[in-house]
Amino acid sequence: MGEQQDLKRLLEYLDRPVQYLKGVGPKKARLLKKLGISTIEDLLFLLPRDYEDRRRILPISQLKPGTKALFEAQVWSTRIIRGKTPIFEVIFKDATGIVKGKWFHFRQEHMEKAYQPGKRALVFGDIQLNRYEYCLEVIHPQVEFLQEGQKVKGHVLPIYPLTEGMGQRDLQKIQVQALRELREVATEYLPNEILSTKGLPPFYRALREIHYPTREDPQRLKNRTSPFLQRLIFEEFFFFQLALAMKRGVTKKEQGISFQVDGPLFHKLLRSLPFQLTDAQKRVIEEIRRDMASPHAMNRLLQGDVGCGKTIVAFMAIAMAVDSGHQVALMAPTEVLAEQHFFGMRDMLAPLGIKVAILVSGLSKRERALVLRGLASGALEVVVGTHAIIQEDVEFKSLGLVIIDEQHRFGVLQRASLRKKGIQPDLLVMTATPIPRTLALTLYGDLEVSSIDEMPKGRQHIKTKIVREYQREKVYQLIKRELAAGHQAYIVYPLIEESEKLQLPSVLEMYPKIAQAFTPYKVGLLHGRMSREEKEKVMRDFKEGYIHLLVSTTVIEVGIDVPNATVMMIEGAERFGLSQLHQLRGRVGRGRHASHCLLMVSNRPSPASRARLRVMEETTDGFRIAEEDLKIRGPGDFLGVRQSGLPPFKVADLLRDTPLLQEARQVAFELVDKDPKLKDPKHRGIYEILTRKGYLKGLEFIDAG
């Protein structure tokens, strides 16, 4: 009971608004808010971005220009140098030499009172050589005056990220106060066996040493090899992996539906395919069949590169579910992608007698009511849509299979909303964005993984080239040659309308110019603000060849399949992430003809942009591109922070700390194997932390007992 009380005190302290920390108050709290700090926990986890090593006190004779250094000296003399900008000058002296200290902004009365000759001081700053006077000087140094007989000791000083109005000394004092108070309530919540096995220090000591190193070399903190920093990194990964392990433990035991996986619709669909399945597709279909035939609910991730044929695998799973008398819901992140899935299902599944509907926000009240009635009665067997599917008034007669496309745009632990529409339906998660293994471990730790690692036969090589603005006419000539040969093309713009902030071409601004430049060819326009009927007509006309050149925004990024399209030109290519460029490139090269992807950039792209886009020229391997994109942009931007469901790691870095992620994952999964509900008293602390972080939402099976 005492341990629970100790942990409660610690958590209450960490959750306390930072305003109530001694020395903060409302004004400083507003400044800290700009740094993302609302609570004392936020403050303590604002870790130093750098350290100033002030442990070595040098004699003046050993000071070197161009270095930062700490020295002890006496104030020898002071004077004010008059001129356009007055300078307050102090001569510091020790037994080995002198250094001049200079201040350009000062209050004379204050400085003369503080810097009285004979005073001892510790001085820190940038040592410079004054070439006119040929002496050492330090501009605006940091000075600490020493008492008579006081022993001096060097130290390491943390350097924090700042915001306007908040200085280093202010933030350092606030952190010292927070650490002083934390010491009174600190308790350990990670099990002792984990700390000892992994060689990790206790919670308080780790934070104390990170902020104010006394025994640790600051260089080890900076290069992330310090056990004090690794304690916090491990902990963040451990809690998230623990939640995933518990989720997987639940889903493995969930009683699901035993589907008929060898039924007539499955075989009809297989026979109707106008192409041969690849070996990889066959392997993955068998993995899904085994899962669906099992009495336990399927929880599987299906990932693969652009154009590898994931959609047909999903259609085979749909046929198995409908064969068994159950309904299917497919959720996509955008209306355009939902519509493309709907058109594909209509073409391939409707001829088999499978009734398919679409549910998106653009439906009329009457259309929506008809779909809801069909789902509730069971008359509709398959529905595809956006978030509209998970609204409360959507009810199914017998939802047996849930398919979520582009999963990373929805979140990690939020799949429950759609699954609750049925009684433990099977779950198939798809992503056309190859996820590097590091991220897959984090995002999909609770799912079995299937990968389609083979492209369909006949897929054409896509020649990718970076082109500059001055080459525009040549690019247009290439597109016209392709159109003259009977092929089709895309031109994609990053914006719908002009932007004052971003000097980029927009689709509405450029569409009339493109239409004129490509006369007599038929040019179509597609963007996200068009109505569903308008978008459907444009895509149908493009697919059927009535539109030769499609001018579009990134709404065509996924789900569009027009085998006759052989050119993808992307305007403002430096504004796109590599994975998004790869998705757009995947819209061509789908037929029998060689294809082109042209990345249009400014006449003088930055070296960083050129280096990044060169990856697109070098490879069409989506997994390699995803790895490069992740390195360049970081996981937050790579996935889209708000939509990714990625936990807000304060210390851990998915790229730099992969070994610790794998260690934390192993420890978490082993612990859950031994204690699935964390009932053991020694795991009470981690259960409380998990609950507090919100990682256990959706795991209703866990009780507090």
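No experiment lies behind these values; they were computed from the predicted model shown.

Rules used in this analysis
- Residues numbered from 1 in each chain as written.
- Predicted model: local features only at pLDDT ≥ 70, side-chain atom pairs only at ≥ 80, totals over all residues.
- Heavy atoms only, no water.
- Helix = DSSP H or I, 4+ residues; strand = E, 2+ residues; numbered from the N terminus.
- Buried < 20%, exposed > 50% of the residue type's maximum accessible area, 1.4 Å probe, protein only.
- Areas by Shrake-Rupley, 256 points an atom, 1.4 Å probe, with all protein chains shown as cover.
- Phe/Tyr/Trp six-rings, centres within 6.5 Å; stacked < 30°, edge-to-face > 60°.
- Lys NZ or Arg CZ within 6 Å of the ring centre and 35° of its normal.
- Pairing = 2+ DSSP bridges.
- Core = buried A, V, L, I, M, F, W, Y, C linked by side-chain atoms within 4.5 Å.
- Contact = heavy atoms within 4.5 Å.
- Axes fitted to C-alpha atoms, helices over the stretch in contact; angles between N-to-C directions.
- pLDDT = per-residue confidence, 0-100.
- Expected span 1.5 Å × (residues − 1).
- Arc of directions from axis to C-beta.
- Salt bridge = Lys/Arg side-chain N within 4 Å of Asp/Glu carboxyl O.

**Some thoughts on the overall build of the protein chain**
Thinking step 1. Secondary structure summary: the protein chain contains 25 helices and 22 strands in total.
Thinking step 2. The buried share of the protein chain, taken over its 705 residues, is 55%.
Thinking step 3. Surface summary for the protein chain: the accessible area is close to 33200 Å², and the carbon and sulfur share equals 50%.

**Some words on the packing of aromatic side chains**
Thinking step 1. Under the criterion given, the structure shown has 16 aromatic pairs.
Thinking step 2. Ring centres 6.4 Å apart and planes at 70 degrees place the aromatic pair Phe-92 and Tyr-115 in the edge-to-face group. Of the two residues, Phe-92 is situated in strand β4 (residues 87–94) and Tyr-115 in the loop between α4 (108–114) and β6 (120–130); the sequence distance between them amounts to 23 residues. Pair check on accessibility: Phe-92 and Tyr-115 agree, each one buried.
Thinking step 3. Taken together, Phe-71, Phe-88, Phe-92, Trp-103, Phe-106, Tyr-115 and Phe-145 form an aromatic cluster joined through their ring pairs.
Thinking step 4. The ring of Phe-124 is capped by Arg-54, whose NZ or CZ atom sits 3.8 Å from the centre of that ring.
Thinking step 5. Lying over the aromatic face of Phe-518, Lys-480 brings its terminal NZ or CZ to 5.5 Å of the ring centre.

**Digging into the pairing of strand β5 (residues 97–103)**
Thinking step 1. The element β5 is extensively covered by neighbouring structure, given that five of its seven residues are classed as buried.
Thinking step 2. Pairing of β4 with β5 involves seven bridges; the strand directions are antiparallel. What sits directly across from Asp-94, in β5, is Gly-97.
Thinking step 3. Turn length for the β4-β5 hairpin, with the two strands adjacent in sequence and antiparallel, is two residues.

**Description of the environment of Glu-235**
Thinking step 1. Position of Glu-235 among the secondary structure elements: in helix α9 (residues 227–253).
Thinking step 2. Counting along the chain gives 417 residues from Glu-235 to Ala-652, while the straight-line C-alpha distance between them is 8.9 Å.

**Things to note about the nonpolar core**
Thinking step 1. Grouped together as the largest cluster of nonpolar side chains are 72 residues, with contacts concentrated most on Leu-44, Leu-182, Phe-237, Phe-238, Phe-239 and Leu-242.
Thinking step 2. Broken down by element, this core gets its largest block of residues, 14 residues, from α9.
Thinking step 3. Residues within four places of Leu-242 in sequence aside, it is in contact with Ala-668, Leu-671, Val-672, Leu-678, Ile-686 and Leu-690.
Thinking step 4. Formed by 69 residues, the second largest nonpolar core is a distinct cluster that contains Ala-321, Val-322, Leu-330 and Val-383.

**Examining the pairing of strand β15 (residues 426–431)**
Thinking step 1. Within β15, six of the six residues are buried, leaving the element largely enclosed by the surrounding structure.
Thinking step 2. Side-chain alternation along β15 places Asp-426, Leu-428 and Met-430 on one buried face and Leu-427, Val-429 and Thr-431 on a second face that is also buried.
Thinking step 3. One ladder, built from five bridges, connects strand β10 (residues 299–304) with β15; its direction is parallel. When the sheet's bridge partners are listed, Arg-300 is paired in β15 with Leu-428.
Thinking step 4. Where strand β14 (residues 399–405) and β15 come together, five bridges link them in parallel fashion. In the strand pairing of β15, Asp-405 is matched with Met-430.

**Remarks on helix α7 (residues 203–211)**
Thinking step 1. α7 sits mainly inside the fold: seven of its nine residues count as buried.
Thinking step 2. Listing the buried residues of α7 in full gives Phe-203, Tyr-204, Ala-206, Leu-207, Glu-209, Ile-210 and His-211.

**A closer look at the sheet that holds strand β22 (residues 595–601)**
Thinking step 1. With respect to topology, six strands assemble into an open sheet ordered β17-β22-β21-β18-β20-β19, the strand pairing being parallel. If you trace the sheet from one side to the other, it starts and ends with β17 (462–468) and β19 (523–526), each paired once. Direction aside, neighbouring strands of the sheet carry axes that sit 20 degrees apart on average.
Thinking step 2. Looking at chain direction, strand β18 (residues 488–492) and strand β20 (residues 549–552) are connected through four bridges and run parallel. Paired with Ile-491 across the two strands is Val-551, which belongs to β20.
Thinking step 3. Taken strand by strand, helix α20 (residues 578–585) contacts β17, β18, β21 (565–570) and β22, and its axis lies near 150 degrees from that of β21.

**Some thoughts on the sheet that holds strand β13 (residues 382–385)**
Thinking step 1. Across the sheet, which stays open at both edges, the seven strands sit in the order β12-β13-β11-β14-β15-β10-β16 with parallel pairing between neighbours. Bordering the open sheet on either side are β12 (356–359) and β16 (448–452), each of which pairs with just one other strand. Direction aside, neighbouring strands of the sheet carry axes that sit 20 degrees apart on average.
Thinking step 2. Bridging between strand β11 (residues 327–331) and β13 involves four bridges; their strand directions are parallel.

**Focus on the confidence of the model for the protein chain**
Thinking step 1. Mean pLDDT over the protein chain: 85, with 89% of residues reaching 70 or higher.
Thinking step 2. Considering only residues more than four positions removed or in separate chains, one finds that residues 640–645, a stretch of pLDDT under 50, has twelve contacts.
Thinking step 3. Contacts from residues 698–705, a stretch scored under 50 in pLDDT, to residues over four places away or in other chains number 16 contacts.

**Remarks on helix α17 (residues 472–484)**
Thinking step 1. Taking 1.5 Å per residue, 13 residues should reach 18 Å; α17 reaches 18 Å between its end C-alpha atoms and fits that length.
Thinking step 2. Regarding α17, the residues found buried are Arg-472, Val-475, Tyr-476, Leu-478, Ile-479, Glu-482 and Leu-483. Viewed along the axis of α17, the buried residues span an arc of 155 degrees, placing them on a single side of the element. Those residues of α17 that are exposed and aimed more than 90 degrees away from the buried face are Lys-474, Arg-481 and Ala-484.

**Looking at the environment of Ile-354**
Thinking step 1. Structurally, Ile-354 is set in the loop between α13 (335–348) and β12.
Thinking step 2. You can call Ile-354 buried: its relative accessible area is 3%.
Thinking step 3. Sequence-distant contacts of Ile-354, that is, excluding residues within four places in its chain, are made with Leu-265, Val-322, Leu-349, Glu-381 and Val-382.

**A few points about the pattern of salt bridges**
Thinking step 1. Per the counting criterion, the structure on display carries 34 salt bridges.
Thinking step 2. The closest approach of N and O atoms between Glu-181 and Arg-16, which form a salt bridge, is 3.6 Å. Of the two residues, Glu-181 sits in helix α5 (residues 168–185) while Arg-16 sits in the loop between α1 (2–15) and α2 (25–34), which places them 165 residues apart along the sequence.
Thinking step 3. The exposure class of Arg-16 is partly exposed, given its relative accessible area of 33%.
Thinking step 4. Connected through shared salt-bridge partners, Arg-79, Glu-89, Lys-100, Lys-102, Glu-133 and Glu-137 make up one network.

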